Structure formats: C-alpha cells, structure tokens
Amino acid sequence: MKTTIYYFSGTGNSLKVAKDIVAKLKDTEIIQICKNTVVNNYVAGNKIGIVFPVYSFGMPLLVKEFIESVEIPKDAYVFTIVTFGAAAGAAIDQLEKLLNYKGLELSAAFKMKMPGNYQVMYAPFSEEKQKKDFKNEEGKITEIVRSINNNEIIKFSGVGESIMKAVGGMLYTRFKPYEKDKNFWTDEKCNGCGICSKVCPANNIKMIEEKPQWQHKCEQCVACMQWCPKESIQYKKVTVNRGRYHHPDVVVTEIFQK
Ligand SMILES: Cc1cc2nc3c(=O)[nH]c(=O)nc-3n(C[C@H](O)[C@H](O)[C@H](O)COP(=O)(O)O)c2cc1C
Ligand code: SF4
Ligand code: SF4
C-alpha cells in the first residue's frame, strides 16, 4: 500500500522524523505542508502520515488549514507523529477532531520528544540534551515503522492524557501568531541573501531593498530566525545573545518552501 507523508517543519525536527520514516517504509512519498500545498489541495493516498511540531500545546495553524483542505479517502489508515520539546498538550486531540469532522479516523498517534526550538522563550537545549533526544528518536522510529506496517491502532487515553488535553486546549486559545512577526527585526549583519524569505512556509516575508519585510501572516515557526546564516534576525531583544538551533541532519535547502 502506498504511503504519503505530509510534514510541516520550521527547524527540521519534524522533517528529520519524516525522512527517517520514509527511509524505512517501502513505497512512500513525502510532501511538505506549506502555503503552496494548502492551495494545491493534494489528494492523498491510502496510508497517510501527518508529521508536525506542537505549537502552544496544539497544532500549527497552517497544518489545520491543510487538513481542512486535503482530500483523504474515507478508508485510509491515517497516522500522526507530533514532535515537541516538553509537552504535546492537545495537538493530537485537535487533529483527531478535525479528521472526525471530515468523516475520517485517526488510526495511530505517536509522540516524539525533540529539542525545543522556540528560542523566543528559552535558550537552545544543551548539546547533551539534544543528543539524548536524537538517540531516543532513532530508537523510536523502528518501533513506529513496525506499527505502521502492521496497521496498528494506537490511541492515547487515561487520566493524565485527559488533563493534558484539557489544559493544553485552554492554553492553545492564546496562540495568535499572525501579527507576532512585528517583533522580528534585523541587525546590521543582514547581507540581503533572501534565505529567510525562502524558508518561510507561509509566504510571509517579502524582500524589499534587500531586507526582509514581514507581512503579518506569520505561523511563528521561527524558521526565518533560526536559519538566517548571519543570525541577524532578532525577536524583540531576547534573542540577541541566545544562540540558534536547527536539526543537524537537515540542510537549509530542504526547508525551502516547495
Ligand atoms: C511557536 C512555537 C510553539 C511551541 N510550543 C510548544 C509547546 O506547546 N510544547 C512543546 O513541547 N514544544 C513546543 N514548541 C517546540 C516545538 O514543538 C519542537 O521544538 C518541535 O520539535 C519543532 O519542530 P520543527 O523543527 O519541525 O519545527 C514550540 C515551538 C514553536 C516554534
Ligand atoms: S536570511 Fe538573514 S542575512 Fe539573509 S536576508 Fe534574511 S535576515 Fe538578511
Ligand atoms: S515569518 Fe518567520 S516565523 Fe513567521 S512563518 Fe515565516 S519563517 Fe516562520
């Protein structure tokens, strides 16, 4: 059975997971979720994977938009892998509800702990912590591929999970990313290379006179800030001395919007 994996990724963690699954599953294609693919309204195959990062204990807005627009056969085996730095909150629950609304089931869900990339709020994880997450990811991929190959049904339930969903759902209501790009600015190191514009999955950066101009449809994926080769993009003043992160096995051209 052909598998299609749709992924959304700002700093490469979710892309790395998607690539590792593709390397181990037969007959699999991989498609980036970005503004262009939402518009193109893909028709998915019979086994569908949706891989994305947790934002504010829920789903990135663009992934929601994509799920709403994509056509998925009613009998498809749909699985998800969510990547997160600390807690997945209500992300899986939100996806399941969106699918149910379209008359589809979420057959299996997996959580993958990865380095937190929201350097707007905290410094990058230490190298030691990052390595621990990467090692853990390698081990889990084999298990996940086995489950997918066997069409296993995997649900999250229990009291802890219900609390996580409820609290996560409440916190998610504060996630309003579009205009947060007003806090981005470039320091004197910017050389006008335009990479920030190419990595933006939301077509939210226009290059005007060789400087990025944010258009207030921001997903807060932080790709522009994390992949700027000059570390020139700052968020308020908090990122000036904070360092940057992206997954070491992903190169910037893989993040470019398709
Ligand atoms: C806007 C934003 C919000 C985030 N919110 C959460 C969160 O609620 N819980 C969490 O564990 N990690 C959170 N993170 C961290 C990411 O989910 C995590 O680092 C993820 O693996 C990044 O994936 P990517 O490299 O594919 O973009 C957040 C990151 C961003 C950019
Ligand atoms: S990626 Fe960085 S250096 Fe290149 S144009 Fe954008 S802000 Fe400037
Ligand atoms: S402007 Fe930056 S943070 Fe916002 S969606 Fe584009 S790349 Fe992501």
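These numbers were taken from a predicted model, which means no experiment stands behind them.

Engineer: I'd like a rundown of the site of ligand 3, residues and numbers included.
Structural biologist: Of all residues adjacent to ligand 3, which total 13 residues, the nearest are Cys200, Cys218, Glu219, Cys221 and Cys224. Within the shell around ligand 3, the residues separate by chemical class into 10 nonpolar, two polar and one charged.

Engineer: So what about the site of ligand 1? Which residues, and what values?
Structural biologist: Taken together, the neighbourhood of ligand 1 is formed by 24 residues, with Ser9, Thr11, Val54, Phe57 and Ala86 sitting nearest. Residue Gly12 places a main-chain N or O atom 3.1 Å away from an oxygen atom belonging to ligand 1. Within the backbone of Ala87, a nitrogen or oxygen atom sits 2.8 Å from an oxygen atom of ligand 1. Protein chains bury 95% of the 650 Å² of accessible surface belonging to ligand 1 in isolation. Tallied by class, the residues present in the shell around ligand 1 amount to 12 nonpolar, 12 polar and no charged.

Engineer: Go over unusual backbone geometry with me, naming the residues and quoting the values.
Structural biologist: Unlike most non-glycine residues, Phe57 shows phi in positive territory, near 65°. With a phi close to 45°, Lys236 is a non-glycine residue in the positive phi region. One can find Lys236 in the loop between β9 (233-235) and α9 (252-255).

Engineer: Explain the domain arrangement of the protein chain to me, using residue names and the numbers behind them.
Structural biologist: Along its sequence, the protein chain is carved into domain 1 (3-172) and domain 2 (178-255). Each of domain 1 and domain 2 was reduced to a C-alpha centroid, and the two centroids are 23 Å apart. Carbon and sulfur atoms supply 56% of the area buried between domain 1 and domain 2, which totals about 2,300 Å² over both sides. In terms of surface lost to domain 2, no three residues of domain 1 exceed Thr11, Gln119 and Val120, which account for 23% of the buried area on that side. Counting the contacts that link domain 1 with domain 2 gives two salt bridges. The salt bridge involving Asp249 is made with Lys16; its shortest N-O contact spans 3.1 Å. At the junction of domain 1 and domain 2, the tally comes to 16 residue pairs in polar contact (both at pLDDT 80 or more). Taken together, the elements giving at least two residues each to the side of domain 1 that touches domain 2 come down to α1 (13-24), α2 (35-40), α3 (61-69) and α5 (127-149). In terms of residue count, α1 provides more of the side of domain 1 that touches domain 2 than any other element does, four residues in total. Per-class residue counts for the side of domain 1 that touches domain 2 are 17 nonpolar, 10 polar and four charged.

Engineer: Tell me what's going on with the sheet that holds strand β1 (residues 3-7), and back it up with residues and numbers.
Structural biologist: Across the sheet, which stays open at both edges, the five strands sit in the order β2-β1-β3-β4-β5 with parallel pairing between neighbours. Only two strands of the sheet have a single partner each, and these edge strands are β2 (28-32) and β5 (108-113). Taking each pair of neighbouring strands and ignoring which way they run, the sheet shows an average axis angle of 20°. One ladder, built from five bridges, connects β1 with strand β3 (residues 47-53); its direction is parallel.

Engineer: Tell me about a nonpolar patch on the surface, and name the residues and values.
Structural biologist: On the surface, Val159, Ile163, Val167 and Met170 cluster together to form a nonpolar patch covering roughly 410 Å² of accessible area. Relative to the assigned elements, Ile163 resides in helix α6 (residues 159-172).

Engineer: Please set out the pairing of β5 residue by residue, giving values where relevant.
Structural biologist: Taking burial as the measure, the six residues of β5 include five buried ones, the bulk of the element. With six bridges joining them, strand β4 (residues 77-84) and β5 adopt parallel strand pairing. Its bridge partner lying in β5, Val82 is registered against Lys111. For the handedness criterion, the β-α-β arrangement of β4, helix α4 (residues 91-101) and β5 is classed as right-handed.

Cut-off values and rules
Residues numbered from 1 in each chain as written. Chains lettered and ligands numbered in written order. Predicted model: local features only at pLDDT ≥ 70, side-chain atom pairs only at ≥ 80, totals over all residues. Heavy atoms only, no water. Near = heavy atom within 4 Å. Nonpolar A, V, L, I, M, F, W, Y, C, P; charged D, E, K, R; others polar. Polar contact = N/O pair within 3.5 Å; in protein donor to acceptor, adjacent residues only side chain to side chain. Areas by Shrake-Rupley, 256 points an atom, 1.4 Å probe, with all protein chains shown as cover. Helix = DSSP H or I, 4+ residues; strand = E, 2+ residues; numbered from the N terminus. Domains from an automatic or database assignment. Buried area = accessible area lost by both parts, 1.4 Å probe. Salt bridge = Lys/Arg side-chain N within 4 Å of Asp/Glu carboxyl O. Pairing = 2+ DSSP bridges. Axes fitted to C-alpha atoms, helices over the stretch in contact; angles between N-to-C directions. Patch = residues over 30% accessible without salt bridge, like charges linked within 9 Å, V, L, I, M, F, W, Y side chains within 5 Å. Buried < 20%, exposed > 50% of the residue type's maximum accessible area, 1.4 Å probe, protein only. Right-handed = clockwise from strand over helix to strand, strands pointing away.

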